[in-house]
Amino acid sequence: PVWQEQPFVLAHGDPRVFQLRLTTSDNSLPLPVLYIYAAVKPTAHDAGGDITGFDSWIVLCGPPPPKGTKSPDGSMDRGGTLEPLPGLTMDSSGNDCVTDKPDALRAAAGASRQWSKDTDVSQARWVRDGDE
């Protein structure tokens with residue numbers, strides 16, 4: 001499949017939450033819409049207050065499960081937490097969670113940093129303005 005678009009939202013707050021919506025244009029292999037959430041912590045700003053540098057990490061549902069923990073149906077290793085954070089509910093796969101509470105998502109974004117290895121944290125810097 002070919003990714004067709006990547007609309008995103010960057011919400012205010014501390015940390016800021018980045019939501020990325022991925023879709024595919026290949027109808028021969030229909031894939032569901034995929035949402036990815038990351039925490040964004042600004043580390044630098046320009047004179048106008050725009051973000052010019054940031055750290056980011058993936059938002060987790062809670063602490064990672066112990067190694068060897070199996071999915072609810074026992075078919076594979078479980079990727080999602082056994083202890084979802086307040087306001088989050090695990091799906092039937094045991095790998096993803098949902099919420100309808102923005103504060104629960106923001107709290108999960110902040111808490112997820114403690115479970116992210118330094119190698120899992122992306123650092124970005126604005127280099128230059130592109131053509132406008």
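Everything numeric here is computed off the predicted structure, so don't read it as measured data. (Residues numbered from 1 in each chain as written. Predicted model: local features only at pLDDT ≥ 70, side-chain atom pairs only at ≥ 80, totals over all residues. Heavy atoms only, no water.)

## A few points about the overall build of the protein
Inclusion rule: Working definition: helices are DSSP H or I runs of at least four residues, strands are E runs of at least two. Numbering for both runs from the N terminus. Note that accessible areas follow from Shrake-Rupley with a 1.4 Å probe, and for residues the cover is restricted to the protein chains shown.
Helix and strand counts for the protein stand at 1 helix and 8 strands. When the helices and strands of the protein are listed from N to C terminus, the series reads β-β-β-β-β-β-β-α-β. Carbon and sulfur atoms make up 54% of the accessible area of the protein, which amounts to about 9,100 Å² in all.

## Let's talk about the confidence of the model for the protein
The line we're drawing: Values of pLDDT, which run from 0 to 100, indicate the predictor's confidence residue by residue.
Across the protein, the average pLDDT comes to 86, with 86% of residues at 70 or higher. Per-residue pLDDT, averaged within each element of the protein, yields its smallest value for strand E1 (residues 3–5) (59) and its largest for helix H1 (residues 102–112) (95).

## A look at a nonpolar patch on the surface
Filter applied, for reference: Patch membership requires over 30% relative accessible area and the absence of a salt bridge. Like charges are linked within 9 Å, and nonpolar side chains (Val, Leu, Ile, Met, Phe, Trp, Tyr) within 5 Å. Think of a salt bridge as a Lys or Arg side-chain nitrogen and an Asp or Glu carboxyl oxygen that are within 4 Å of each other. Burial classification: accessible surface area is computed with a 1.4 Å probe over protein chains only, and a residue below 20% of its type maximum counts as buried, one above 50% as exposed, and the rest as partly exposed.
Among the surface-exposed residues, Leu34, Ile36 and Ile58 lie close enough to one another that they form a single nonpolar patch of about 230 Å² accessible area. Accessibility expressed as a relative area gives 39% for Leu34, which makes it partly exposed.

## Some points on the packing of aromatic side chains
Heads up, the condition is: Aromatic pairs are defined between Phe, Tyr and Trp rings, using the six-membered ring for Trp, whenever the two ring centres lie within 6.5 Å; interplanar angles under 30 degrees are classed as stacked, those over 60 as edge-to-face, and all others as tilted. We count a charge as sitting over a ring when the NZ of a lysine or the CZ of an arginine lies within 6 Å of the ring centre and within 35 degrees of the ring normal.
Inspection of the entire model under this criterion finds 1 aromatic pair. Sitting over the face of the ring of Trp57, Arg113 holds its NZ or CZ atom 5.8 Å from the ring centroid.

## Digging into the nonpolar core
The cut-off we apply is this: In plain words, nonpolar cores are sets of buried Ala, Val, Leu, Ile, Met, Phe, Trp, Tyr and Cys residues tied together by side-chain atoms within 4.5 Å. Whether two residues are in contact is decided by their heavy atoms, any of which lying within 4.5 Å being enough.
Ranked by internal contacts, the top residues of the largest apolar core, which has 14 residues, are Val59, Leu85, Leu88, Ala108 and Ala109. Of all the elements, H1 adds the most residues to this core, at 5 residues. Once residues within four sequence positions are removed from consideration, Ala109 is found in contact with Pro15, Val17, Ala39, Trp57 and Val59.

## Things to note about the environment of Phe8
Inspection of the secondary structure puts Phe8 in strand E2 (residues 8–11). Sequence-distant contacts of Phe8, that is, excluding residues within four places in its chain, are made with Phe18, Gln19 and Leu20.

## Some details on the state of the cysteines
Applicable threshold: Working definition: a disulfide is two cysteine sulfur atoms within 2.5 Å of each other.
All told, the structure shown has 1 disulfide when counted by the stated rule. Between Cys61 and Cys97 runs a disulfide, and the two sulfur atoms are separated by 2.2 Å. One quick way to see it: the torsion about the S-S bond of Cys61 and Cys97 is about -90°, and its sign makes the bridge left-handed. With Cys61 in the loop between strand E5 (51–58) and strand E6 (89–90) and Cys97 in strand E7 (residues 97–98), the pair connects residues that are 36 residues apart, well separated along the chain.

## Some remarks on the pattern of salt bridges
Following the criterion strictly, the structure yields 4 salt bridges and no others. Lys101 is the partner of Asp100 in a salt bridge, and the nearest nitrogen-oxygen pair spans 3.4 Å. Taking the relative accessible area as the measure of exposure, Asp100 reaches 65% and is therefore exposed.

## Topic: the side chain of Ser71
Heads up, the condition is: We define a polar contact as two N or O atoms separated by no more than 3.5 Å, with the added condition that, inside protein, one atom must be a possible hydrogen donor and the other a possible acceptor, whereas residues neighbouring each other in sequence contribute only through side-chain atom pairs.
The residue Ser71 is located in the loop between E5 and E6 in this model. With relative accessibility at 7%, the residue Ser71 sits in the buried group. Looking at Ser71, its side chain comes within polar contact range of the side chain of Asp73, at 2.7 Å. Setting aside anything within four residues of it in sequence, one finds Ser71 in contact with Met76, Asp77, Arg78 and Ser93.

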